[in-house]
Amino acid sequence: MEVIIAKNSAEGSSIAARLVANLVRRKPNAVLGLATGATPLLLYQELVRLHREEGLDFGGVTTFNLDEYVGLPPSHSGSYYSYMKKNLLDHINVPPQGINVPDGLTADIPKFCGEYEARIKKAGGIDLQVLGIGADGHIGFNEPTSSLASRTRIKTLTVETLRDNGADFGGVANAPHHVITMGIGTILESRVCLLMAFGEKKAGVVALAVEGPLTSMVPASALQLHPSAKFILDEAAAAGLEKRSYYNYVYEHKPSWQCE
Ligand code: PGA
């Protein structure tokens, strides 16, 4: 696991964007796993800038989103499909057939989830998965006690997550309670996992995920099992880490062949 502590979310997002851009330049048919929420917004802004100003070409790229609300049509303003279009996909050139977001309206959820997994495999697997972390430690919508081997499936959101996301629906009462999410096992198969966390509200859960025990009570701790997981944090989100000076030392002394 690599822990990169940036000065602030802008610097952290530009480090993340550089990793994504390098991948897309090296592998024009890269498969990107995408996340929603507040955290990746600056990353997406930077990718749009790189596309517009530096010609970063997403024409051969395939994307898979982590999750979607059950019961919402893609056109709903609170859907993650809408979020992705608005914040990234309407502004870069991923072809429509390369865009995959779970279908919140599917009539047969287990069948759809199996097909989503098969689509990821058929695309060659996810090269780089962008992740946020919930205040309760979730990645994707794998809430605490999710199986560490779980696959794409339906999940029920915790009260804490409903509270965090209720604003997108004008309050908790209107927010969907169920989601389709890639599983932790699905996420762990990505070649690189890039988890971003910014702000002091994330400090406690980041410390548990990075330095605490591996436990389904903190789903993000499963990334300790991943051979290439990177946590990109700002100072505030890194504040609870015991070994922060070691992480800074490692980053500053990284051999050039390891930097991308
Ligand atoms: P946030 O959500 O980026 O809005 O903090 C993260 C998450 O729930 O995974």
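Keep in mind that what you see is a predicted model, and the values were worked out from it rather than measured.

Draft legend 1. Quick look at the pairing of strand β3 (residues 62-65). Side chains of β3 alternate between two faces, with T62 and F64 and T63 and N65 buried alike. As defined by bridge partners, strand β2 (residues 31-34) adjoins β3 across four bridges and the pair is classed as parallel. Across the sheet, L34 pairs through a bridge with N65, a residue of β3. As for the winding sense of the linkage, the β-α-β connection from β2 through helix α2 (residues 41-54) to β3 is right-handed. Of the pairings in the sheet, the one linking β3 to strand β5 (residues 99-100) comprises two bridges and is parallel in character.

Draft legend 2. Seen up close, the sheet that holds strand β4 (residues 67-69). Pairing is antiparallel in the open sheet, where three strands are placed in the order β4-β8-β7. In the strand order of this sheet, the two ends are held by β4 and β7 (153-156), each with one partner. The average angle at which neighbouring strand axes cross in this sheet is 30°, direction not considered. The pairing of β7 with strand β8 (residues 178-181) spans four bridges and is classified as antiparallel. Following the sheet pairing, T156 is matched in β8 by H178.

Draft legend 3. Spotlight on the site of the ligand. Residues in close proximity to the ligand include G37, A38, T39, G132, I133, G134, H138 and K202, which together make up its full environment. T39 has a polar side-chain atom sitting 2.5 Å from an oxygen atom of the ligand. Contact between the ligand and H138: an oxygen atom at 2.6 Å from a side-chain N or O atom of the residue. The fraction of the free accessible surface of the ligand (280 Å²) that becomes covered by protein chains is 76%. A majority-of-atoms criterion places the ligand in the largest pocket. Counted by class, the shell around the ligand contains two nonpolar, five polar and one charged residues.

Draft legend 4. Quick look at the sheet that holds strand β1 (residues 2-6). The sheet built from seven strands is open, its strands ordered β1-β10-β9-β6-β2-β3-β5 with parallel pairing. Each edge of the open sheet carries a strand with a single partner, namely β1 and β5.

Draft legend 5. Examining the pattern of salt bridges more closely. Applying the stated criterion across every chain yields a total of 13 salt bridges. We note a salt bridge from K85 to D90, for which the minimum N-O separation is 3.3 Å. The exposure class of K85 is partly exposed, given its relative accessible area of 25%. In this structure, the salt-bridge partner of R151 is E189, at a minimum N-O distance of 3.0 Å. With R151 in the loop between β6 (128-131) and β7 and E189 in the loop between α6 (184-188) and β9 (192-197), this pair connects stretches of sequence that are 38 residues apart. Overlapping salt bridges bring together E46, R49, E53 and E54 as one network.

Draft legend 6. Looking closely at α2. Helix length check: α2, at 14 residues, gives a terminal C-alpha distance of 19 Å against a target of 20 Å (1.5 Å per residue), a fit within 8%. By the burial criterion, the buried members of α2 are L43, Y44, L47, V48 and L50. One side of α2 holds all its buried residues, which, seen down the axis, span an arc of 160°. In α2, the exposed positions that point more than 90 degrees away from the buried face belong to Q45, R52 and E53. Looking at the buried side of α2, the elements it contacts are α1 (9-26), β2, α3 (80-89), β6 and β9. Positioned one or two residues after α2, G55 has a phi angle of 70°, which is positive.

Draft legend 7. Representation of the nonpolar core. The biggest cluster of nonpolar side chains holds 81 residues, and the ones touching the most others in it are Y44 and L47. Of the residues forming this core, the biggest block, eight residues, is contributed by α1. Excluding residues within four positions of it along the chain, L47 makes contact with A17, V20, L56, F58, L88 and I92.

Draft legend 8. Fine view of the layout of surface pockets. Space inside the largest pocket adds up to approximately 880 Å³. Around the largest pocket sit 35 residues that line it, and T36, G37, A38, T39 and N165 are the ones nearest its centre. Mapped by element, the contributors of at least two residues to the lining of the largest pocket are α3 and α5 (159-165). When its residues are assigned to classes, the lining of the largest pocket shows 13 nonpolar, 15 polar and seven charged. Taken as a whole, the second largest pocket holds about 180 Å³ of empty space. Taken together, ten residues form the lining of the second largest pocket, with M1, E2, V250, K254 and Q258 sitting closest to its centre.

Conventions used here
- Here, residues in each chain are numbered from 1, in the same order as that chain's written sequence.
- Only residues with pLDDT of 70 or above have their local features reported here, since the model is predicted, and side-chain atom pairs are shown and tallied only from 80 upward, although totals for entire chains, interfaces and linings are computed over all residues.
- With hydrogens and water excluded, all non-hydrogen atoms of the structure serve as input to the side-chain values.
- Only protein chains enter the accessibility calculation, which uses a 1.4 Å probe; a residue whose area is less than 20% of its type maximum is buried, one above 50% is exposed, and one in between is partly exposed.
- Secondary structure counts use DSSP, requiring at least four H or I residues in a row for a helix and at least two E residues in a row for a strand, with both numbered from the N terminus.
- The pairing criterion for strands is at least two bridges between them, as found by DSSP.
- Think of it like this: strands point away, you trace from the first strand over the helix to the second, and a clockwise trace means the crossover is right-handed.
- For helices, the fitted axis covers only the stretch in contact; all axes are lines through C-alpha atoms, and the angles between them, taken along N-to-C directions, range from 0 to 180 degrees.
- Any residue with a non-hydrogen atom lying within 4 Å of a molecule or strand is treated as near it.
- What qualifies as a polar contact is a pair of N or O atoms within 3.5 Å, subject to a donor-acceptor requirement within protein and to the restriction that residues adjacent in sequence count only when both atoms come from side chains.
- To be clear on the numbers: accessible area is Shrake-Rupley with a 1.4 Å probe, and residue cover counts the displayed protein chains and nothing else.
- Put simply, the grid is 1 Å and covers the protein atoms alone, a cavity is a trapped set of points that fit a 1.4 Å probe, a pocket is an open set with protein on both sides within 12 Å along at least five of seven lines, and lining residues have an atom within 4 Å of a point.
- Being in a pocket or cavity means that more than half of the molecule's atoms lie within 2 Å of its grid points.
- Each residue is assigned to one class: nonpolar for Ala, Val, Leu, Ile, Met, Phe, Trp, Tyr, Cys and Pro, charged for Asp, Glu, Lys and Arg, and polar for all the others, Gly among them.
- Each salt bridge in this description consists of a side-chain nitrogen of Lys or Arg and a carboxyl oxygen of Asp or Glu lying within 4 Å of one another.
- To estimate the expected span of a helix, subtract one from its residue number and multiply by 1.5 Å.
- By construction, the arc corresponds to the directions joining the helix axis to the C-beta atoms.
- Note on contacts: a residue pair qualifies if any of its non-hydrogen atoms lie within 4.5 Å across the two residues.
- Grouping buried Ala, Val, Leu, Ile, Met, Phe, Trp, Tyr and Cys residues that are joined through side-chain atoms within 4.5 Å yields what is termed a nonpolar core.
- Grid points are joined across faces, edges and corners, and a volume is the space filled by probe spheres set on the points.

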